[in-house]
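# Architecture at a glance
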Number of protein chains: 2
Amino acid sequence: MEKLVILGCGSALPASGRHPTAQVIEHNGKYFLIDCGEGTQSRLRENSLSFDKITHIFISHLHGDHYLGLPGLISSMQLLGRTRELNIYGPPGLWEILSLQFRLSNSQISFELKFHAVEEERCLLDTERITVRSIQLNHRIKCFGFLLQEKEKPRRINGEAVKNAGVPHFFMENLRRGEDFINEKGEQIPNFQLTKNSKKSHTYAFCSDNRIKKDFHKKLEGVTVLYHESTFLHNELERAKRTFHTTAQEAAELALEVNPDLLILSHYSARYHDVRPLLEEAKILFPKVILAEEKLVVNFSKIY
Amino acid sequence: MEKLVILGCGSALPASGRHPTAQVIEHNGKYFLIDCGEGTQSRLRENSLSFDKITHIFISHLHGDHYLGLPGLISSMQLLGRTRELNIYGPPGLWEILSLQFRLSNSQISFELKFHAVEEERCLLDTERITVRSIQLNHRIKCFGFLLQEKEKPRRINGEAVKNAGVPHFFMENLRRGEDFINEKGEQIPNFQLTKNSKKSHTYAFCSDNRIKKDFHKKLEGVTVLYHESTFLHNELERAKRTFHTTAQEAAELALEVNPDLLILSHYSARYHDVRPLLEEAKILFPKVILAEEKLVVNFSKIY
């Protein structure tokens, strides 16, 4: 995962300058789009993110602020002449809605659109470099978060050392995999003398919307970047409970148990024109915290 | 009708700075919303137009750029605690889509939401001051335009004259209706000496999307303000025919037959970064023409 770009991090009621949930994970030159609130296609343009690079879309649940931008985005992809396959993961009802809309607008989708129903916790995607799993959240309607786990990355070649040891070019992949090198004299040179440690593999958790249940942190073991909703300040705890949301303090309490390198707060109630108090509340318990905001870019390689 | 506010006038593929079709007619202190493309609720906010004042919504057809903003707008009205009745006029399929979305998001709408299916040309609304009729357009899927016709307005009191003639206050409404006044001496003072002509009654036609058919102008008799799509320049006539759209020249030819006080071009293809050539093309045939653009406000009282 190279970076996370926040397109929107408001909650259901739009506030000025704030947009409903949508975000892009850039991974291996492609984009994973997570949630797709109304206006997401405009946000993608504003952030110069090509529609065509989106290969996978993950939708958490069927509250409008998490998916209403999807039919328009698909329609624009079609108008732009897309040919690349598109994979959509979401509640079965999402496909009901999209199919009805396609039928009523007499739309022909000319690229391969594969819908994958998410109805339980399972592995959704498993590639050479990453796995994506659904994790059950606790909300008014069925809702899933997503856990994106990078696999161990190849070790990095130490240019100087391989030159001195005379390692031939064809052996570099073996070095990246951790093998030792045996030179022409039959001497075994240990891998660690020829390579540097691989870059950190990150695990990113997207959790919105969620009323945190006991033991929820166990689902997040190993998470390095935790994106969690914090709709309210803790003085609105009763409202948070009633609406199946989380307070900033509770998000920080969760982070204390998971201990990620970074906690990202989000999904702010429209009542907060200034969201800094949410940050302050979380910081008391968990200092490695930032606020999501529109156009925020988080580079995974810069998080430690 | 006091004014028309353009919220969006692009076509299906969003272009930078351009939004999909939506517009508000302010009438008698309330708003009629015509079409509701994605992002309309953000546009309403940008133009400081209160959601609560929207009493009637008219949707032309089920291409996404004309209705995808509606579910989000209704959801926001609900979250804002609306109690006022809302009337929606549109294709029967629109209600299918909305009902499915409400059901899957487990939404309870607490205000009265009345859906009126538009399946033919008919009178949709008839109040003391205005009628709204659907008019059949010619598009790839079933599509209706809307004709908003103001009834004759009351005559305006001539303050000086009624004072001189000693007309009592209670008689003013009779004067506005055109009655003569008989004074205490039994003299009949003709209405025209006590009143001024009423303000002009406008008829506004909203026509998007439409491949103009022969005799279409007959549906627009008496129209004073004609809003008509002009997706393409005339050098794209073949494309306009294929996609069931209109060229700027054709919109002007229609205006020549209808002879409104004002023609408003709109629904520009995303290929035109600069839309002025569309205006130039129309102007040659019909000079009383302007370009719709986001945030344009047309005051009906200033059109002659």
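Residues numbered from 1 in each chain as written. Chains lettered and ligands numbered in written order. Predicted model: local features only at pLDDT ≥ 70, side-chain atom pairs only at ≥ 80, totals over all residues.

### Points about unusual backbone geometry
Short version of the rule: A run of DSSP states H or I qualifies as a helix once it reaches four residues; a run of E qualifies as a strand once it reaches two. Both are numbered from the N-terminal end. Neighbour counting defines burial: a residue surrounded by 20 or more other C-beta atoms within 10 Å of its own C-beta is buried, one with 12 or fewer is exposed, and intermediate counts give partly exposed, using backbone-placed C-beta atoms.
Across the junction of S208(A) and D209(A), the peptide omega takes the value 0°, indicating a cis bond. As for its position among the elements, D209(A) is in the loop between strand 14 (203-207) and strand 15 (225-229). Residues other than glycine seldom take positive phi values, yet F244(B) does so here, at roughly 60°. Relative to the elements of secondary structure, F244(B) occurs in the loop between helix 7 (237-242) and helix 8 (248-258). Using a count of 16 C-beta atoms within 10 Å as the deciding quantity, one classes F244(B) as partly exposed. With a phi close to 80°, K295(B) is a non-glycine residue in the positive phi region.

### Considering the environment of H116(A)
Residues and elements named next belong to chain A. Our working rule: By the convention adopted here, residues make contact when the C-beta atoms placed from their backbones lie within 7 Å.
By the element assignment, H116 lies in strand 6 (residues 113-117). Taking the C-alpha atoms as reference points, H116 and F58, separated by 58 residues in sequence, lie 9.5 Å from one another. Those residues in contact with H116 that sit more than four places away from it in its chain are N87, I88, Y89 and L124.

### Points about the sheet that holds strand 7 (residues 123-126) of chain B
Through backbone hydrogen bonds, the strands of a sheet pair up, either in parallel or in antiparallel fashion. All names here are of chain B. Note the cut-off: A strand pair is defined by DSSP finding two or more bridges across the two strands. Structural elements are reduced to axes, namely lines fitted to C-alpha atoms, with helices fitted over the stretch in contact, and the angle between N-to-C directions of any two is expressed from 0 to 180 degrees.
Within the open sheet, the 7 strands sit side by side as 7-8-9-14-15-16-17. Their pairing is mixed. Either end of the sheet is taken by a strand with one partner, and the two such strands are strand 7 and strand 17 (289-291). Within this sheet the neighbouring strands show an average axis-to-axis angle of 15°, counted without direction. Note: strand 8 (residues 130-136) against strand 9 (residues 144-150), 7 bridges, orientation antiparallel. Note on strand 9: the bridge partner recorded for I130 is E150. Against the sheet, helix 8 touches strand 15 (225-229), strand 16 (262-266) and strand 17, its axis set at about 160° to strand 16.

### Details of the packing of helix 3 (residues 92-104) of chain A against helix 3 (residues 92-104) of chain B
Inclusion rule: Each angle gets one of four labels, with under 35 degrees taken as roughly parallel, over 145 as roughly antiparallel, 65 to 115 as roughly perpendicular, and the rest as oblique. Residues were grouped as follows: Ala, Val, Leu, Ile, Met, Phe, Trp, Tyr, Cys and Pro as nonpolar; Asp, Glu, Lys and Arg as charged; and all remaining residues, including Gly, as polar.
Their axes nearest at 10 Å, the elements helix 3 of chain A and helix 3 of chain B cross at an angle of 170°. Judged by the inter-axis angle, helix 3 of chain A sits roughly antiparallel to helix 3 of chain B. The residues of helix 3 of chain B that touch helix 3 of chain A, namely those facing G93(A), E96(A), I97(A), L100(A), Q101(A) and L104(A), are G93(B), E96(B), I97(B), L100(B), Q101(B) and L104(B). Tallied by class, residues from the contact of helix 3 of chain A with helix 3 of chain B come to 6 nonpolar, 4 polar and 2 charged.

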